[in-house]
Amino acid sequence: VLKFLWLSETLHGLLWTIIKLGDSLVKLFFILFVPLYMFATVAQQIFGTTVVTSVASEAIKKTKWYAVRSELNFETGMNSMSTLFEITTVSSWNMVMEAADILYGNKQYTFWVELFFFSYRIIMTMMFVPILTGFLIESFVTSFDTYEKHHQQKKGETEDVTKSHEMEIRLL
């Protein structure tokens, strides 16, 4: 497959750019991972045992979350991170927040539950993801431009050598 991708000049430039940005991509995803991990740890501590130990009431059975409770929960660290990642990338955050509100059942905690989900949503979806996406696109465009300039320069040198060889042959 990689040999096929190296055949096309455009794909060659794309692969060269991805390889060149490899170190930056690792750092970029680590920056995204840190707040996700912090919020996942907090969510697991706050909501993890509530989901496991609560008896399924009629109110919780009526929520959209109840059908996907096995995928979207905070029981383990991995489930917590997976749920928060899905909340970041998909618009399921309000159904998880509604379920957490109902599972807590106490009106005094509703503010804190909503504060957790709104702060996560604002920090990750409206701050981190757009900044990281912009950084990734800017880095990719800059690196690809560098590749194209380098490639054009090499191509120009090759054409100059070819022309000089043609002139030598004509003179002979």
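Given the structure is predicted, the values throughout are model-derived calculations rather than measurements.

Rules behind the numbers
Residues numbered from 1 in each chain as written. Predicted model: local features only at pLDDT ≥ 70, side-chain atom pairs only at ≥ 80, totals over all residues. Heavy atoms only, no water. Helix = DSSP H or I, 4+ residues; strand = E, 2+ residues; numbered from the N terminus. Buried < 20%, exposed > 50% of the residue type's maximum accessible area, 1.4 Å probe, protein only. Contact = heavy atoms within 4.5 Å. Areas by Shrake-Rupley, 256 points an atom, 1.4 Å probe, with all protein chains shown as cover. Expected span 1.5 Å × (residues − 1). pLDDT = per-residue confidence, 0-100. Core = buried A, V, L, I, M, F, W, Y, C linked by side-chain atoms within 4.5 Å. Phe/Tyr/Trp six-rings, centres within 6.5 Å; stacked < 30°, edge-to-face > 60°. Arc of directions from axis to C-beta. Lys, Arg positive; Asp, Glu negative; His and termini not counted. Salt bridge = Lys/Arg side-chain N within 4 Å of Asp/Glu carboxyl O.

**Digging into the overall build of the protein chain**
Move 1: The helix and strand tally for the protein chain stands at seven helices and zero strands.
Move 2: Starting at the N terminus and ending at the C terminus, the protein chain contains elements arranged as α-α-α-α-α-α-α.
Move 3: Put simply, the protein chain has 172 residues, and 28% of those count as buried.
Move 4: Considering only residue pairs separated by 6 or more positions, the protein chain has 70% of its internal contacts joining residues 24 or more positions apart.
Move 5: As presented, the protein chain carries roughly 11,900 Å² of accessible surface, and 66% of it is formed by carbon and sulfur atoms.

**A short note on helix α6 (residues 93-104)**
Move 1: Helix length check: α6, at 12 residues, gives a terminal C-alpha distance of 17 Å against a target of 16 Å (1.5 Å per residue), a fit within 8%.
Move 2: Considered for burial, the residues of α6 that qualify are Trp93, Met95, Val96, Met97, Ala99, Ala100, Asp101 and Leu103.

**Considering the confidence of the model for the protein chain**
Move 1: A residue-level look at the protein chain finds 76% of positions with pLDDT of 70 or above and a mean pLDDT of 77.
Move 2: Per-element averaging of pLDDT across the protein chain places helix α1 (residues 2-7) at the bottom with 62 and helix α5 (residues 77-89) at the top with 88.

**Some remarks on the nonpolar core**
Move 1: Formed by 27 residues in total, the largest nonpolar core has its most connected members in Phe47, Trp65, Leu84, Val96 and Phe117.
Move 2: When residues of this core are traced back to their parent elements, those giving at least two are α3 (22-53), α5, α6 and α7 (107-171).

**Description of the packing of aromatic side chains**
Move 1: One pass over the structure, following the stated rule, counts 10 aromatic pairs.
Move 2: Judged by centre distance (5.5 Å) and plane angle (65°), the rings of phenylalanine 47 and phenylalanine 116 are edge-to-face. Taken together, the positions of phenylalanine 47 in helix α3 and phenylalanine 116 in helix α7 put the pair 69 residues apart, joining distant regions of the chain.
Move 3: When its relative accessible area of 9% is taken as the criterion, phenylalanine 116 is described as buried.

**Thoughts on α5**
Move 1: Its 13 residues place the ends of α5 18 Å apart at the C-alpha level, agreeing with the 18 Å of an ideal helix rising 1.5 Å per residue.
Move 2: Every buried residue of α5 is listed here: Ser80, Met81, Thr83, Leu84, Ile87 and Thr88. On an axial view of α5, the arc spanned by its buried residues comes to 160°, and they lie on one face. With respect to the buried face of α5, the exposed residues turned more than 90 degrees away are Met78 and Thr89.

**Examining the side chain of arginine 121**
Move 1: Position of arginine 121 among the secondary structure elements: in helix α7.
Move 2: We note that arginine 121 is buried and unpaired, the nearest opposite charge coming from glutamate 86 at a distance of 11 Å.

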